[in-house]
Amino acid sequence: MTPTEHPMVDAVARPATTGSQPARIAALLGLEDAASMDDVALADKVAEGLGVHAATSLGSALGPMIEVVGGIIPEATFRRVRKGGKPLSREMSERLYEVGRVWEAARRSYGGDEDAAKAFLSRPHPLLDGRSPLELAQRSSAGADAVVNLMRRAEAGFAA
């Protein structure tokens, strides 16, 4: 089965808007048991290494806004892992998870308006030293935390 033939890829085209946050992120990453996923189960999946279909699923959700393969995961790594039929490394899996977590938070912050969420994530923000939220989220888990915290402060009325 190729990454684009994975059964959850089509589900990502219609992202879940209900369920727990781990379940929504798991669906975004194309995990088969997403609906029943909790924090611990998702953490275990990421630590074990996600399948290459997770990159394809996330890419389907984000669209042309970001190159998942070539941007988050180097193309050579993706091809090597896909050819070998092995899971992505923990580091690559964590990168996918962090970007997925930020995407999910942005989508929720904008009431499900994906165009508004994508606009927010791709435009430079003064409270992120002029970097785009997506750029910062791709760099590290601390960057992803900074973006999620910015959105939480904005929802509470403490940041623009």
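As the structure is a computational prediction, the values presented were derived from the model and not from experiment. (Residues numbered from 1 in each chain as written. Predicted model: local features only at pLDDT ≥ 70, side-chain atom pairs only at ≥ 80, totals over all residues. Heavy atoms only, no water.)

A. Inspection of the overall build of the protein at higher detail. The helix and strand inventory of the protein stands at nine helices and zero strands. Mapped in sequence order, the helices and strands of the protein form the string α-α-α-α-α-α-α-α-α. Buried positions account for 42% of the 160 residues belonging to the protein. Considering only contacts in the protein between residues 6 or more positions apart, those separated by 24 or more positions represent 53%. (Helix = DSSP H or I, 4+ residues; strand = E, 2+ residues; numbered from the N terminus. Buried < 20%, exposed > 50% of the residue type's maximum accessible area, 1.4 Å probe, protein only. Contact = heavy atoms within 4.5 Å.)

B. The arrangement of a negative patch on the surface in detail. On the surface, Asp38, Asp39, Asp44 and Glu48 cluster together to form a negatively charged patch. With respect to the helices and strands, the residue Asp44 is situated in helix α3 (residues 39–48). On the basis of relative accessibility, which here comes to 43%, the residue Asp44 falls in the partly exposed class. (Patch = residues over 30% accessible without salt bridge, like charges linked within 9 Å, V, L, I, M, F, W, Y side chains within 5 Å. Areas by Shrake-Rupley, 256 points an atom, 1.4 Å probe, with all protein chains shown as cover. Salt bridge = Lys/Arg side-chain N within 4 Å of Asp/Glu carboxyl O. Lys, Arg positive; Asp, Glu negative; His and termini not counted. Charge placed at Lys NZ, Arg CZ, Asp CG, Glu CD.)

C. Region of interest: the confidence of the model for the protein. Across the protein, pLDDT averages 84, with 86% of residues at or above 70. At the low end of the mean pLDDT range in the protein sits helix α1 (residues 9–12), at 39; at the high end sits α3, at 95. Throughout residues 1–16 the model reports pLDDT below 50, and contacts reaching past four residues in sequence, or to other chains, amount to 32 contacts. (pLDDT = per-residue confidence, 0-100.)

D. The arrangement of the environment of Gly130 in detail. Following the sequence through the fold, Gly130 ends up in the loop between α7 (114–122) and α8 (133–139). For Gly130, a relative accessible area of 41% corresponds to the partly exposed category. In contact with Gly130, other than residues within four places in its own chain, are Pro124 and His125.

E. Up close: the nonpolar core. By size, the foremost hydrophobic cluster in this structure holds 43 residues, and its most contacted members are Leu29, Leu58, Ile72, Ile73, Leu96, Val102 and Met151. Those elements that place two or more of their residues in this core are α2 (21–28), α3, α4 (53–62), α5 (75–84), α6 (90–109), α7, α8 and α9 (141–156). In terms of residue count, the dominant contributor to this core is α6 (seven residues). If sequence neighbours within four positions are ignored, Ile72 has contacts with Leu58, Ile66, Glu67, Met92, Arg95, Leu96, Val99 and Gln138. (Core = buried A, V, L, I, M, F, W, Y, C linked by side-chain atoms within 4.5 Å.)

F. The side chain of His125, seen in detail. By the element assignment, His125 lies in the loop between α7 and α8. A distance of 3.0 Å separates the side chain of His125 from the backbone nitrogen of Leu127, its partner in a polar contact. (Polar contact = N/O pair within 3.5 Å; in protein donor to acceptor, adjacent residues only side chain to side chain.)

G. A look at the packing of aromatic side chains. As enumerated under the stated definition, the model contains one aromatic pair in all. Centre to centre, the rings of Tyr110 and Phe120 are 5.9 Å apart; their planes meet at 40°, and the pair counts as tilted. With Tyr110 in the loop between α6 and α7 and Phe120 in helix α7, this residue pair connects regions lying 10 residues apart in the sequence. (Phe/Tyr/Trp six-rings, centres within 6.5 Å; stacked < 30°, edge-to-face > 60°.)

H. Representation of the packing of α6 against α7. One way to put it is that α6 packs onto α7 with a least axis distance of 8 Å and a crossing angle of 125°. The orientation of α6 relative to α7 falls into the category oblique. Viewed along their axes, α6 and α7 form a crossing whose handedness is right-handed. Residue-level inspection shows Val102, Trp103, Ala106 and Arg107 of α6 in contact with α7, the latter providing Glu114, Ala117, Lys118, Phe120 and Leu121. (Axes fitted to C-alpha atoms, helices over the stretch in contact; angles between N-to-C directions. Parallel < 35°, antiparallel > 145°, perpendicular 65-115°, else oblique. Left-handed = near helix turned anticlockwise from the far one by under 90°.)

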